[in-house]
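Listed below, chain by chain, are the residues.
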Amino acid sequence: MKPKRTTKSAMATAQPNPEVLSADLRELILSARQTVARGVNSALVLLYWNVGERLRTEVLKVERAEYGKEILSTVSKELVAEFGRGFSWPNLSRMMALAEAFPEQQIVVTLSRELGWSHFVELLPLKKPLQRDFYAEMCRIERWSVRMLRQKIDGMLYERTALSKKPEKLAAMELQELRAEDTLTPDLVFRDPYFLDFLGLTGAYSEKDLETAILRDLEAFLIELGSDFAFVARQKRMVVDGEDFYLDLLFFHRRLRRLVAIELKLGRFAPSDVGQLEFYLRWLKKYEMLPGEDEPLGLILCAEKSDERIELFELAARGIRVSEYLTELPPKKVLEQRLHDAVKLAQARLEGGKP
């Protein structure tokens, strides 16, 4: 039997496409570089932790603080001369602070897979352990850039979560669950208030104006909501008994595996808002929820709310949250005091004390 002759067209087909080959090789190279960079970053953070831990151990042995500073200064000069300015006195101080803020090495190992040294530098000035742990774990989960982490801290994200308003033991347990199992809860996901100053809304505006502005700046709104939110629909139509009902905004949260229904309200929170949103949630559960998903959640975004009214409704058990939104931010000191007072009031209520 004669062997088949290979035609020119067959040979042409068999020849590799240089553009496809280059693209594949480029992807391999970039992937390898990212893997190497992550490995180097993790090793560097761990090195800094070990240096800081050793320095802390030695300096703590010294009874006189001034002598401890002399030791640090001497060691710094020798290390800088041999290894460069990465081991300057300020950086060695940060390494000691790293070991003090994160005393468990395994936690640092886990965090360093996503967080670089520059991330830790942003976290170290935070004095409250729960606040620092919250930002570290959320940064790891949502893979924030250093710039994004800085924005979240400046925007007082921690103080705007329900977690900050819980007793410390309960908050610590929730963060431990997040660290161990990557399990997010609604208390870690939702904020109060939401900062919507990027919408540029001033003076008088309608609910439709607010909704339109959100959709116009959807990317910024999603950043404020959180990285795991995905937009599903605007004015979601629901038909019941031949009558049309419309939900303002519908999102899906990937980690919670839940639809999130959002209703926008210009005025103060009203009891009737709850019945309306609960009706929408029941419809979504019956007609939109897919296998593997948990029950939908609801968020009422309003210009003003009453904590006493909300407490009477026991909304968390019904899958509904109520949050204020701010289209214009007050001075930072005023906002900080407001959030601080809200945290203290909520903690007092949860602990059964009087505000």
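The following paragraphs examine the structure supplied in this document.

What counts as what
- Residues numbered from 1 in each chain as written.
- Predicted model: local features only at pLDDT ≥ 70, side-chain atom pairs only at ≥ 80, totals over all residues.
- Heavy atoms only, no water.
- Pairing = 2+ DSSP bridges.
- Helix = DSSP H or I, 4+ residues; strand = E, 2+ residues; numbered from the N terminus.
- Right-handed = clockwise from strand over helix to strand, strands pointing away.
- Polar contact = N/O pair within 3.5 Å; in protein donor to acceptor, adjacent residues only side chain to side chain.
- Contact = heavy atoms within 4.5 Å.
- Expected span 1.5 Å × (residues − 1).
- Buried < 20%, exposed > 50% of the residue type's maximum accessible area, 1.4 Å probe, protein only.
- Arc of directions from axis to C-beta.
- Salt bridge = Lys/Arg side-chain N within 4 Å of Asp/Glu carboxyl O.
- Core = buried A, V, L, I, M, F, W, Y, C linked by side-chain atoms within 4.5 Å.
- Axes fitted to C-alpha atoms, helices over the stretch in contact; angles between N-to-C directions.

1. Let's talk about the pairing of strand β4 (residues 258-268)
In the sheet, strand β3 (residues 243-253) pairs with β4 via 5 bridges, with the strands oriented antiparallel. Counted as the bridge partner of leucine 250 is alanine 261 from β4. The hairpin formed by β3 and β4 contains 4 residues between the paired strands, and arginine 257 there has a positive phi angle of roughly 55°. In terms of strand pairing, β4 meets strand β5 (residues 297-304) through 7 bridges, oriented parallel. Among the inter-strand pairings, valine 260 is bridged to a residue of β5, identified as leucine 297. Between the parallel elements β4 and β5, the chain passes through helix α13 (residues 271-287) in a crossover that is right-handed.

2. Quick look at the side chain of arginine 179
As for its position among the elements, arginine 179 is in helix α9 (residues 168-181). Among the polar contacts made by the side chain of arginine 179, one reaches the side chain of glutamate 137 at a distance of 3.2 Å. A polar contact of 3.0 Å, which involves the side chain of arginine 179, links it to the side chain of glutamine 176. Excluding residues within four positions of it along the chain, arginine 179 makes contact with Ile107, Asp133, Glu137 and Arg140.

3. What about α9?
Working note: α-helix, 3.6 residues per turn, so residues spaced by three or four point in the same direction. Between the first and last C-alpha of α9 there are 20 Å, a value that for 14 residues agrees with the 20 Å anticipated at 1.5 Å per step. Regarding α9, the residues found buried are Ala171, Glu174, Leu175, Leu178 and Arg179. Summarising the axial view, the buried residues of α9 lie within an arc of 140°, below the 170-degree limit, and thus occupy one face. Of the exposed residues in α9, those oriented more than 90 degrees away from the buried face are Lys169, Met173, Ala180 and Glu181. The secondary structure elements touched by the buried residues of α9 are α5 (105-111), α7 (129-142) and α10 (186-189). Count one or two residues on from α9 and you reach aspartate 182, which has phi positive near 55°.

4. Some points on the pattern of salt bridges
Scanning the model with the defined rule gives 26 salt bridges in all. Among the ionic contacts, a cluster of salt bridges with common partners joins Asp133, Glu137, Arg140, Arg179 and Asp182.

5. Considering the nonpolar core
With 65 residues, the main nonpolar core has Phe102, Phe120, Leu123, Phe134, Tyr135 and Ile262 as its most contacted residues. Top element by residues in this core is α7. It accounts for 7 residues. The contacts of phenylalanine 102, once residues within four sequence positions are left out, are Trp49, Ile107, Val108, Leu111, Phe120, Leu123, Arg132, Asp133 and Ala136. Grouped together as the second largest cluster of nonpolar side chains are 19 residues, Val274, Trp283, Leu315 and Val322 included.

6. Description of α13
Over its 17 residues, α13 runs 25 Å from end to end, which matches the ideal 24 Å to within 8%, given 1.5 Å per residue. Inspection of α13 places Asp273, Val274, Leu277, Glu278, Tyr280, Leu281, Trp283 and Leu284 among the buried residues, and these make up the whole buried set. Looking at the buried residues of α13, the elements they touch are β2 (229-240), β3, β4, β5, α14 (307-313) and β6 (320-326).

7. Observations concerning the environment of glutamate 336
Here glutamate 336 lies in helix α15 (residues 332-350). The class of glutamate 336 is partly exposed, set by a relative accessible area of 32%. In this structure, the C-alpha to C-alpha distance between glutamate 336 and glutamate 177, residues 159 residues apart in sequence, is 28 Å.

8. Brief notes about the sheet that holds β3
Overall, mixed pairing links the 6 strands, which are arranged β1-β6-β5-β4-β3-β2 in an open sheet. The outermost strands of the open sheet, each flanked by one partner alone, are β1 (194-195) and β2. Direction of pairing for β5 relative to β6: parallel, over a ladder of 5 bridges. Residue pairing for β6: leucine 299 is matched across the bridge by arginine 321. Across the sheet, α13 touches β2, β3, β4, β5 and β6, and the angle it forms with β4 is around 160°.

All quantities given are derived from atomic positions and should not be read as evidence of function.
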